[in-house]
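Breakdown of the fold
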Amino acid sequence: MTLPPRLENKFSELLKRYPVKRSALVPMLLYTQDVFGYIGDEMVAEIARRLDLNTLQVTETLVYYSMLRREPAGRCHVQVCTNIACKLRGGEKLWEHAQKRLGVGHKQTSADGVFSLEEVECIGACTGAPAVQVNYDFHENLTPEKLDKILDEFQAGRKPSPAPYIIGSIHERHPAEAPVISRRFGIPNSRKIDVYRKHEGYQALEKALNEMTPESIIEEVKKSNLRGRGGAGFPAGMKWSFVPKDSPKPKYIIANADESEPGTCKDRPLMEFDPHQLIEGMVIAGRSVNSYQGYIYVRGEYRYVLDIMDEAIREAYEHGFLGKNILGSGFNFDLCTHTGAGAYECGEESALMESLEGKRGYPRIRPPFPAVVGLYGCPTVINNVETLSSVPSVILKGAEWYANLGPARNGGTRLFCISGHVNKPGIYELPMGFNLLRMINEVAGGVRGGKKLKAVVPGGSSTPALKAEECDIPMDFDSLAKAGSMLGSGGVVVLDEDTCMVDFARRIMKFYAHESCGWCIPCREGTSWIKKILDRFHAGGGRAEDIPLIDEAAKNMFGRTFCPLGDAAAMPTMAIVKKWRHEFEEHLNGRCPYKPLDVPVGV
Amino acid sequence: MPEQKTVTFTINERKLTVPAGTLVIEAARRTGIEVPAFCYYPGLSLQAACRMCLVEVEKAPKLQTACTLVAADGMVVRTDTPQVHKARKDMLEFLLTNHPLDCPVCDKGGECELQDMTFRYGLDKSRFVEEKLHSPEQAWSPVVYYDAPRCILCFRCVRVCDEGMDVKALGVGQRGVLSVIIPNREDHLECEECGMCIDVCPVGALTSGAYRYKTRPWEMKYVPTVCAHCSNGCKTTLGVRNNEIQRANNRDLSGINKDFLCVKGRYGFDFVHHPDRLKQPLVRRNGTLQIASWEDALAEVAARLKTVRDAHGPDAIGFIGSNRTTNEENYLLGRLARGLVGTNNVDHHRTADYGALVQALGESAGAAQAGMEQLGAAKAILLIGNDPTNQNPLVAWQIRTAIRQNGARLYVVNTEEIKLKRKAAQFVRVASGAEALIAQWLATGEGDLELDTSVEMMQLRGAMEKERDAVIVFGAELRGAAIEHVVKFGASLPGQTRYIALGDYANSRGASDMGLLPDRLPGYVWTSDAAARDAFGKLWGASLPEKTGLDSRQMLAAAARGALKALYVVGANPFRTFGAGGRPAGLDWVVVQEMFLTETSRDADIVLPAACAYEKDGTVTNTAGEVQLLRRGLETMGTRTDFDILRILSHQLSKAGVGRAIPLRTPEAALDEIRRSVRGYGVSLPGLLAGGAERTAPLAPANGHKLIDVPAESIFSPRDTLFTSGTLGRYCTMIHSVPEAKSES
């Protein structure tokens, strides 16, 4: 069938990116939706034909991803985030307001076809919360009034300008900050290759290619104590060293830019302001394991970031930092982006690779690990954007320098996204091991409105919350682990004394129930069950036996699920029940004690 | 062969030594230690999704899934600790949160794996008080129903449809707790309707349209027998209640087909209860067929046979046997024709040239025939002609199994782009009718192939020459000398090459083996072989005719000329199969043993209502030469088995002075005689009785007979599909109900 030229061009360009046709499936579906507003039967058949798939294979992949639609939506698809960071700053009120204003509910379209509405999970605008996406545009720091104005503009057929960049990323530097990977944030045109090169750009690559061997690169990264910034904190150099050198198969480098852990929005500015830093890190990683091909898997919601990355990749090719014989070294490396389409699970490395292969984002059985059997069954290095973005600094300034920025075994700096009830939400680059209380009180301006601190989620919603009195703690992988929590993804969510912890637990579990892929029984059934109990409990229908039941159901998931998503759902729940059990008990008399008395029971 | 490596590990304090690479779950099960699992299914890819098989492993921080854990030296596994028991209990609690507890009305009740596991390992009370997810049941086809709330998402159905059947008609919709199984056509299935998805479903999520809400599993009697349709000989277990077949499946995984059954094996049993079934003998009087008693009908048959024989000689009578009656019945028919009547005018509808294969293999025929199991274990397969997916579904399944499990390479030569092409390492398309030429070219390098074909065939031959222990499978396209060529080519390949000739219908092979052929006695000995004639003559108490008789087509032609006066037909429809224009005018008299009024029986003078395969004891031989036992599952009043009809008739004839009555009173007695007297049929009786498929070992006498090119008119495949099956298929209403069958006809 004849397609609009821009879609036809996109398809043929996508098909060139992968050694296996099916990999183009998810991007093709998303770009189809961009053109037609949805993916109809005809396009399902057409895409199946082009990829040598049957229509069922296309359909079952399509329905997995929450951004992909089989029915038309409104011209302006309004997506309101109510996940924890937005919720703490009025996201739910914004959601209520949007429903009233547009007269439609979740996944409904207004009669005139202009607006459709959807309550969405964390869109990575936590320091600009509450936030709304209209189509791909981010609108941040909203109030109901501001939202009204934006909707008025759309209603009138205009396109209001979105947030110029992620709010909270550009701010006056706090003296305690140690800008390394964020040092180019705020420099005009920092994403352009010329500007990047003026500020030490691609010098690390030159050093790696001309002065170092693949082995010495890995050695340097090992010595730097650079640990995985996606959340697990696995030493990056060690991961790279697992790639079998003598494998005759191609090897792949993947940047995990599927940033979706609620409370986390650091990869977004890293790619938005400094795309070349990531590219440089990936080429160096490629060199270290003798890989010739890299992919950057960017979550579907970050479309403008993907466009920025694409442009930077184009520039890098133009200047010879990608492609054949890079800097005359004889080393070849190709790189391209790949879009997701709405699935938190695809941030899990093996599910990401399934997704990149054009399938439902189900995690894979491990072992074998990706370093040995990864993308297309080949050895693969997969690292978080922040990890790979740190590599040029490690190489350029030396492992020792980098390691010494942080405490023992926790090298370097970290981008902390401080959101929630603080005066100055923002993304701050601080040395590893920086004290959490100081972070909140000094760097982020303290708890908003002079309120008392109740709890802190230290590293994204899956990390167990700390009580206020536990917060005098160095923020590094080992200290947090010792305190029974995790450093996680760097998403620090601050909760004040007026926050209902039952409601907070409920919202967290709602997220995991929505994002559970459904592969294994304990996660699929457990998240949904606990969410149902918490819904009822918070609405005033709680029974005393529900409190241990919530705890046990979470414990029964913990450690038994196929992938870490089950643990991610269980850990915060168990922590909240344990640390704030009295709040659950206070709900037993029929209502949430944190709700104003004029709000009726059951809401 | 290098010695297989083993590992020694401990499970529940027991030391086990198993081959390296063995999964802990398999090792445990083989030792009798149950490790429960839903998603684990032998032969299908691993999932580790249900988390039921979690076990404790020393030094591992968390419980491990036994279904993905490979046993290693020194590993210490425990399956019976409190931690493991609790994990199972908790997993079942999770499963039951959304699973409806409608066991009393669920088809699966009584044979449900979830029910059994809950009984053994589950909690005795539910802590789930929330509303369960519900969605209405869906009819995906007349024979496949899906009840989403009951589905526990073990993905067995998805895998068996993809990996096992290569149909890929099932997928997963939505995600998380809303995940469901979805069919390939939005709200219905378009597939081979094999029902494998229903079979492997551990719960009542996928149910059979043919069986649902009809009975409870414990109310049926189970009869293991052999499918009545194609020539592959799948074991099928009939569930019978009140003398009615409720369902057919193979859940005990017995037989050569293990899991497998196709649409015919699973749903094609209702011809048994078809209202058109003949239940009383019919005798033509004043031009119409009228009901008669068995006594009158049989007396008349004997009298008329004697009259014709006396007036025109034994060669004025012809016998056409069946490719769906048992070996014992076929043996009896041949004995009656040759030993009592005294003619070699004996034939059946031949659908493969088994005789030529046996002859070409000569002394080595026993070892050179591949059984179904060997086909599934093959490393390389050459398929010439035929479309196994449609005509020989188990053969197709075994080929796919060999590819999936052993990485076997499949080479296909066909005139059509058959479905197995998708699995082929090489596919060569040849012109219609060129298969024999291809065989000749493979054996001799001679033959005028088209340029493209010869280039491709050279590549194929080159690849085959590197394969060891290949299996060569071919259809009715190869006959006579072409088979000799294939065997010559096979003999030039490394290792032991084995062969399967593909025929059609449940006992085509047996009809051939039992000598329902104009020039052969049972066991492929020639009628011209005096010693063989003497041996059988002694056994049968008769002097056997030497002259080659007429084949089916020649009999009809002779009848048209008036040279053949009487035709005796058993379970066949020659007026249609070989038919130009129905009953030949010159035939004085026709008798037919049949289940239905076919083109032949409706024009007969006497019709004797016969029992069907599911109503009989006896043996049948599949196309690969494996003998299996049929067991009587039920009876239809008024019918008699072909065995009984022939046996009684022999007494009637004898009484009328035609030959000596056959003294074999039961199929068991006949089998005993066959085992002693028919070459290759000395099979193990205990093996048969235990439900095994016993391989025959035919041995062709090397007495200088040259293989002749049998004309295509004499040996040909009816090219049945998955949804047709000769006469029986016309009365399988369940099969007709699926849309794919309608588009076939």
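Residues numbered from 1 in each chain as written. Chains lettered and ligands numbered in written order. Predicted model: local features only at pLDDT ≥ 70, side-chain atom pairs only at ≥ 80, totals over all residues. Heavy atoms only, no water.

1. Some words on the overall build of chain A
Helix and strand counts for chain A come out as 24 helices and 16 strands. The dimensions of chain A, computed from C-alpha atoms along their principal axes, are 75 × 60 × 45 Å. Just so you have it, chain A exposes about 20500 Å², and 53% of that area is on carbon and sulfur atoms. Taken together, the 74 basic and 75 acidic charged side chains of chain A have centroids lying 1 Å from each other. (Helix = DSSP H or I, 4+ residues; strand = E, 2+ residues; numbered from the N terminus. Areas by Shrake-Rupley, 256 points an atom, 1.4 Å probe, with all protein chains shown as cover. Lys, Arg positive; Asp, Glu negative; His and termini not counted. Charge placed at Lys NZ, Arg CZ, Asp CG, Glu CD.)

2. Focus: the overall build of chain B
Along chain B, the regular secondary structure elements total 26 helices and 30 strands. Rg of the C-alpha trace for chain B: 28 Å, near the compact-globule value of 27 Å for 745 residues, within the 12% margin. Dimensions of chain B, computed from the C-alpha atoms along their principal axes, are close to 90 × 60 × 45 Å. Sorting the 745 residues of chain B into buried and exposed places 63% on the buried side. Distance from the positive charge centre (87 side chains) to the negative charge centre (87 side chains) of chain B: 3 Å. (Rg over C-alpha atoms; globule rule 2.2 N^0.38 Å. Buried < 20%, exposed > 50% of the residue type's maximum accessible area, 1.4 Å probe, protein only.)

3. A closer look at the domain arrangement of chain A
All names here are of chain A. Annotation of chain A at the domain level lists domain 1 (5–62), domain 2 (76–155), domain 3 (193–403), domain 4 (413–496) and domain 5 (501–589). Counting residues at the interface gives 13 residues for domain 3, matched by 10 residues for domain 5. Taking both partners together, domain 3 and domain 5 bury about 910 Å²; carbon and sulfur atoms supply 74% of that area. One can count one residue pair in polar contact (both at pLDDT 80 or more) joining domain 3 with domain 5. Here the residues of the side of domain 3 that touches domain 5 are counted per class, giving six nonpolar, two polar and five charged. (Domains from an automatic or database assignment. Contact = heavy atoms within 4.5 Å. Buried area = accessible area lost by both parts, 1.4 Å probe. Polar contact = N/O pair within 3.5 Å; in protein donor to acceptor, adjacent residues only side chain to side chain. Nonpolar A, V, L, I, M, F, W, Y, C, P; charged D, E, K, R; others polar.)

4. Side note on helix H23 (residues 565–579) of chain A
Spanning 15 residues, H23(A) covers 22 Å between terminal C-alpha atoms, matching the ideal 21 Å at 1.5 Å per step. Counted residue by residue, H23(A) has 14 buried out of 15 residues, so it is predominantly covered. (Expected span 1.5 Å × (residues − 1).)

5. Quick look at the packing of helix H9 (residues 203–211) of chain A against helix H16 (residues 385–397) of chain A
Angle between the axes and distance between the axes: these two values describe a pair of packed helices. Residues and elements named next belong to chain A. Packing of H9 against H16 brings their axes to within 8 Å, and their N-to-C directions diverge by 60°. By the angle between their axes, H9 is oblique relative to H16. Note on packing geometry: the crossing formed by H9 with H16 is left-handed. Each of Gln203, Ala204, Lys207 and Ala208 in H9 lies in contact with H16, whose residues at this interface are Pro392, Ile395 and Leu396. Partitioned by chemical class, the residues of the contact of H9 with H16 number five nonpolar, one polar and one charged. (Axes fitted to C-alpha atoms, helices over the stretch in contact; angles between N-to-C directions. Parallel < 35°, antiparallel > 145°, perpendicular 65-115°, else oblique. Left-handed = near helix turned anticlockwise from the far one by under 90°.)

6. Some remarks on the packing of helix H1 (residues 5–15) of chain A against helix H2 (residues 25–36) of chain A
Residue and element names in this part refer to chain A. Packing of H1 against H2 leaves a shortest axis separation of 10 Å and a crossing angle of 170°. Between H1 and H2, the interaxial angle falls into the category roughly antiparallel. Contacts between H1 and H2 involve Arg6, Leu7, Lys10, Phe11 and Leu14 on the former and, on the latter, Pro27, Met28, Tyr31, Thr32, Val35 and Phe36. Partitioning the contact of H1 with H2 into residue classes produces eight nonpolar, one polar and two charged.

7. What to know about the pairing of strand E13 (residues 453–457) of chain A
All names here are of chain A. Counting buried positions along E13 gives five out of five residues, so the element sits mostly inside the fold. Pairing of E13 with strand E16 (residues 491–496), which is carried by four bridges, proceeds in the antiparallel orientation. Within E16, the position partnered with valine 456 by the bridge is valine 494. Two strands pair when backbone bridges link them, and E13 and strand E14 (residues 466–467) are joined in this way by two bridges, in the antiparallel orientation. When the bridges of E14 are listed, valine 456 appears paired with leucine 466. (Pairing = 2+ DSSP bridges.)

8. So, the domain arrangement of chain B
All names here are of chain B. Here chain B is described as being made up of domain 1 (6–95), domain 2 (113–117 + 128–273), domain 3 (282–351 + 507–704) and domain 4 (360–501). With centres defined by C-alpha atoms, the gap from domain 3 to domain 4 works out at 33 Å. The partner domain 4 presents 13 residues to the 14 residues of domain 3 that form the contact. Taken together, both faces of the contact between domain 3 and domain 4 bury some 1000 Å²; the carbon and sulfur share is 44%. On the domain 3 side of the contact with domain 4, Thr623, Ala624 and Arg695 bury the most area, a combined 45% of that side's loss. Where domain 3 meets domain 4, there are zero salt bridges. Along the contact surface separating domain 3 from domain 4 lie seven residue pairs in polar contact (both at pLDDT 80 or more). Split by residue class, the side of domain 3 that touches domain 4 holds six nonpolar, five polar and three charged. (Salt bridge = Lys/Arg side-chain N within 4 Å of Asp/Glu carboxyl O.)

9. Quick word on the interface of chain B and chain A
Taken together, the 46 residues of chain B in the interface contact 45 residues of chain A. Summing both sides of the interface, chain B and chain A together bury roughly 3500 Å²; the carbon and sulfur share of this comes to 54%. Looking only at chain B, the three residues that lose the most surface to chain A are B:Phe94, B:Arg127 and B:Arg175, adding up to 23% of its buried area. Where chain B meets chain A, there are five salt bridges. One salt bridge in this structure joins A:Arg560 and B:Asp90, with 2.7 Å as the shortest N-O distance. Put simply, chain B and chain A have 23 residue pairs in polar contact (both at pLDDT 80 or more) between them. At the level of elements, helix H2 (82–98), strand E8 (170–173) and strand E9 (180–183) of chain B are the ones that each hand at least two residues to the side of chain B that touches chain A. Considering each element in turn, the side of chain B that touches chain A owes the most residues, 10 residues, to H2(B). For the side of chain B that touches chain A, the class distribution of residues is 22 nonpolar, 11 polar and 13 charged.

10. Regarding the packing of aromatic side chains
Evaluation of the coordinates by the stated rule reveals 33 aromatic pairs over all chains. Ring geometry for B:Phe578 against B:Phe716: centres 6.1 Å apart, planes inclined by 90°, an arrangement best described as edge-to-face. With B:Phe578 in the loop between helix H20 (574–577) and strand E26 (589–594) and B:Phe716 in the loop between strand E30 (694–695) and helix H24 (726–729), the pair connects residues that are 138 residues apart, well separated along the chain. Ring-pair connections join several aromatic residues into one group, and the members of that group are A:Tyr64, A:Tyr65, A:Tyr362, A:Trp519, A:Phe562 and B:Phe155. Directly above the aromatic system of A:Phe138 lies the positively charged group of A:Arg268, at a separation of 3.8 Å from the ring centroid. Residue placement shows B:Arg175 over the ring face of A:Tyr64; its charged tip is 5.6 Å from the ring centre. (Phe/Tyr/Trp six-rings, centres within 6.5 Å; stacked < 30°, edge-to-face > 60°. Lys NZ or Arg CZ within 6 Å of the ring centre and 35° of its normal.)

11. Concerning the side chain of A:Ser291
Residue and element names in this part refer to chain A. Relative to the assigned elements, serine 291 resides in the loop between helix H13 (275–289) and strand E7 (293–298). For serine 291, a relative accessible area of 0% puts it in the buried group. A polar atom in the side chain of serine 291 sits 3.2 Å from the backbone oxygen of glutamine 293. When sequence neighbours within four positions are dropped, the list of residues in contact with serine 291 reads Lys251, Tyr252, Ile253, Gly286, Phe331, Asn332 and Phe333.

12. What to know about the pattern of salt bridges
Residues and elements named next belong to chain A. Counting across every chain of the model gives 102 salt bridges over all chains. The partner of lysine 87 in a salt bridge is glutamate 92, with the nearest N and O atoms 2.9 Å apart. Here lysine 87 falls in the buried class, since its relative accessible area comes to 12%. With a closest N to O distance of 2.7 Å, arginine 543 and aspartate 546 form a salt bridge. The exposure class of arginine 543 is partly exposed, given its relative accessible area of 26%. On the basis of relative accessible area, aspartate 546 is assigned to the buried category, the value being 0%. Members of the salt-bridge network, linked through shared partners, are Lys87, Glu92, Asp503, Arg506, Lys531 and Asp535.

13. Let's talk about the pairing of strand E22 (residues 498–501) of chain B
The pairing of strand E21 (residues 471–474) of chain B with E22(B) spans four bridges and is classified as parallel. Pairing of B:Phe474 across the sheet is with B:Ala501, part of E22(B).

14. A closer look at the sheet that holds strand E9 (residues 380–384) of chain A
Residue and element names in this part refer to chain A. Here four strands make up an open sheet; going across it, the order is E8-E7-E6-E9 and the pairing parallel. On the outer flanks of this sheet lie strand E8 (334–339) and E9, each paired with one strand and no other. Recorded for the sheet is a direction-independent mean angle of 20° between the axes of neighbouring strands. Sheet topology places strand E6 (residues 252–257) next to E9; five bridges connect them, and they run parallel. Bridge assignment links tyrosine 252 to a residue of E9, and that residue is threonine 380. Packed onto the sheet, H13 meets E6, E7, E8 and E9 and runs at close to 150° relative to E6.

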